[in-house]
Structure formats: C-alpha cells, structure tokens
Amino acid sequence: MLHWFWPWAWWMGGLATAIRPGLISDCERLADIHASSFAHAWSRHEVEQMLLDRHVIDVQVSQALIGEIVTGFAISRLVMGEAELLTIALDPETRGRGLAKPLLAAHAQSVRRAGGETLFLEVAEDNAPALALYRGLGFSEIGRRKGYYPGEPGAARRDALTMRADLSGLDPTPRFW
Ligand SMILES: CC(C)(COP(=O)(O)OP(=O)(O)OC[C@H]1O[C@@H](n2cnc3c(N)ncnc32)[C@H](O)[C@@H]1OP(=O)(O)O)[C@@H](O)C(=O)NCCC(=O)NCCS
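Residues numbered from 1 in each chain as written. Predicted model: local features only at pLDDT ≥ 70, side-chain atom pairs only at ≥ 80, totals over all residues. Heavy atoms only, no water.

Enquirer: Quick question: what am I supposed to make of the layout of surface pockets here?
Expert: A probe as big as a water molecule, rolled over the atoms, marks out the empty space that is left. Space inside the largest pocket adds up to approximately 1200 Å³. Contributing elements (two or more residues each) for the lining of the largest pocket: strand S4 (82–90), helix H4 (100–113), strand S5 (118–124) and helix H5 (128–136). Here the lining of the largest pocket gets seven residues from one element, more than from any other, and that element is S4. In the lining of the largest pocket, the residues fall into 18 nonpolar, nine polar and eight charged. (1 Å grid on protein atoms, 1.4 Å probe; cavity = no way out; pocket = protein on both sides within 12 Å on 5 of 7 lines; lining within 4 Å. Points joined across faces, edges and corners; volume = space filled by probe spheres on them. Helix = DSSP H or I, 4+ residues; strand = E, 2+ residues; numbered from the N terminus. Nonpolar A, V, L, I, M, F, W, Y, C, P; charged D, E, K, R; others polar.)

Enquirer: Would you explain the environment of Arg 20 in this entry?
Expert: The topology assignment puts Arg 20 in strand S1 (residues 17–21). Sequence spacing of Arg 20 and Val 59 is 39 residues, and the spatial spacing of their C-alpha atoms is 5.6 Å. Excluding anything up to four places from it in sequence, Arg 20 contacts Asp 26, Ile 57, Asp 58, Val 59, Val 61, Glu 68 and Val 70. Side chain to side chain, Arg 20 and Asp 26 meet in a polar contact 2.9 Å long. Here Glu 68 takes part through its side chain, which lies 3.3 Å from a polar atom of the side chain of Arg 20. (Contact = heavy atoms within 4.5 Å. Polar contact = N/O pair within 3.5 Å; in protein donor to acceptor, adjacent residues only side chain to side chain.)

Here it is as structure tokens:
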C-alpha cells in the first residue's frame, strides 16, 4: 500500500520513529501490515484478541506531517517466563531501512519488563532479512524443523529454524530510538 505519507518521508530524507505499546485502535492497521507480509493474514479481530489476551504487543510509529502512522509491529506470547515471538512485520514501504532492529530490541525489553527470561522464535530458512535481524540481535539457532513451511506453488517445502535469545541480562529500561 502506497500511503500519501511516504513520498513526503522520502523528501524529508528519512523517518523519525518511536516504539510504543499496541492499542485497540491500532488493530486495523496491524492486520493490514500483517496481510501485506504473510500468506495467511490475521484479521483485525484476531489481532484484537491478542491484545485482550495480554500478549506483549509493540508498534513502531513514524512521524507524519500531521500525527503519526504505524509502520510495523511485534507480538509475543508470554507464559511463565518463556516468550515466543509470534510475528514481527514492517510495512513493505519501510523495509530495508534499518527500522526492524530498534523495533525488535525495544520489544525484547518489553518482554523482559513483563517477566520474560527467554524469547523463542521460528523463521523460514530462506528469510534472509529476518535471519540477519535475529542473528544481529543475539538470537542463536537451537533447532530445525524439516519442511515446516510450504514453498511457492510447485516449489519444495522450506525448513523452519528455531532460535532463542536469553533476556535475563537485558536492561529493561525503555530508551528513545
Ligand atoms: C523481517 C523484517 C521485519 C525485517 O525488516 P527490514 O526492514 O527488511 O530489515 P532491516 O532493514 O531492519 O534490516 C535487518 C537486517 O537484515 C539485513 N537485510 C535486509 N534486507 C536483506 C535482504 N534482502 N537480504 C539479506 N539481508 C537483508 C540488513 O542488512 C540488516 O542486517 P544488519 O543489521 O546486519 O545490517 C521485514 O523484512 C518484514 O516485515 N518481512 C515480512 C515479514 C517477515 O518475514 N517477518 C519475519 C517472520 S519470522
């Protein structure tokens, strides 16, 4: 989706972003970003249920001419100190600009503040941007699920890598990025 805001942002030479907890009013936009990122889209209702079920949800907002626009988000489920990153996604228009790292770093701090000690995730073996992001933030590979993800029509299934980060030593103090 090409939003009116992006040409203005390019003209300004960059995006000023901040990360904050998700709100019910964000759900429609988060469902849109999810739909443009994954084959099986979550509905607005599913995202809303996650917020109400007390998942840890952080959204990345970018300053627009008037107000702000949500450009990405991360969601984790937390049970007894173990968290699972259910998804992280950026609006396709804002990818490749280094915005995912501050989002995931701030999200890990949120998970830590909520009591998480470890953060697990699953990623397709050929998802190069996601793998670079996770490795760069200290996630290490702990397993592989053969043929876990369907491939493109006519192509072979892809393995899932499972990864883990230890959050116990993480400073949970929020920062300005
Ligand atoms: C995964 C995702 C959030 C990463 O965001 P991004 O804006 O593309 O990534 P960034 O620009 O922040 O870069 C993250 C790292 O990936 C690297 N990278 C970016 N695009 C890349 C590409 N096409 N190939 C290889 N590496 C790439 C960057 O160099 C950076 O590594 P570095 O910190 O070592 O320099 C984004 O691509 C996305 O929303 N993808 C669709 C949803 C998805 O797949 N989510 C993950 C599910 S497990």
